[in-house]
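Chain residues, written in single-letter form:
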Amino acid sequence: MNKVILMGRLTRDPEVRYSQGASQTAVARFSIAVDRRFKREGEPEADFFNCTAFGRQAEFVEKYLHKGTKMLVTGRIQNDNYTNKDGQMVYSVRVMVDELEFAESKNASGGGQGGYDGGFNNGGFNNNGGYSAPAGNTGRSNPLSDGFMNIPDGIDEELPFA
């Protein structure tokens, strides 16, 4: 099985190109920085992963994502090896994106760019190109400035963990 799940922030604005031919397909390339759980002195605090998305996901990336956006990326690892101009083999890997989801609200990320209004804080596009809201999210919420939803008074008896 080849599956990877990463949560991190885009290190730069995505690069989107369109394939040539009768049916042009969008191809988005971006990289995310993922904080390391355990940090040792003298070692990097984050790892950087190159990602590629195709089709409607790539169009979503082009429209809504920008440097600093916190994303949850699900996909598979693929070798991206090549020989450089000096004739040396360069070994690397790339994450081929299956699913994308926002990992924080628009308010928490400082506003952002583009037209996405952040109503579904963790919604995204799945590998079929359709929108997928997270389980249990039945509609738009009205988050406070800290990104959390206000729970009405008197609802304590309905909460299973109260």
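Everything discussed here concerns the structure shown above.
Residues numbered from 1 in each chain as written. Predicted model: local features only at pLDDT ≥ 70, side-chain atom pairs only at ≥ 80, totals over all residues. Heavy atoms only, no water.

**Student:** Before we go on, may I ask you to explain the environment of D98 in this structure?
**Tutor:** Turning to its location among the elements, D98 is positioned in strand β8 (residues 93–102). Note on D98: relative accessible area 27%, which makes it partly exposed. (Helix = DSSP H or I, 4+ residues; strand = E, 2+ residues; numbered from the N terminus. Buried < 20%, exposed > 50% of the residue type's maximum accessible area, 1.4 Å probe, protein only.)

**Student:** Help me understand the nonpolar core, please; the structure alone is not making it clear to me.
**Tutor:** Generally speaking, a soluble globular protein has its nonpolar side chains buried in company with each other. One finds F30, I32, V73 and L100 to be the most contacted residues of the largest nonpolar core, which totals 22 residues. Of all elements in the fold, only β1 (4–10), β3 (26–35), β4 (46–54), α1 (55–64), β5 (70–79) and β8 reach the threshold of two or more residues within this core. Among the elements that line this core, the one with the most residues is β3, at five residues. (Core = buried A, V, L, I, M, F, W, Y, C linked by side-chain atoms within 4.5 Å.)

**Student:** Where do I start with the pattern of salt bridges in this structure?
**Tutor:** Pairing is possible between side chains of opposite charge, provided their charged atoms come close. Applying the stated rule across the entire model yields five salt bridges. Among the salt bridges present, the one from R9 reaches E104, with a minimum N-O distance of 2.9 Å. Of this pair, R9 sits in strand β1 while E104 sits in the loop between β8 and β9 (124–125), placing them 95 residues apart in sequence. Notably, a salt bridge pairs D80 with R94, separated by 3.2 Å at the nearest N-O pair. Residue D80 is located in the loop between β5 and β6 (82–83), and its partner R94 is located in strand β8; the two are separated by 14 residues in the primary sequence. Classification of D80 as partly exposed rests on a relative accessible area of 29%. Overlapping salt bridges bring together R36, E43 and D47 as one network. (Salt bridge = Lys/Arg side-chain N within 4 Å of Asp/Glu carboxyl O.)

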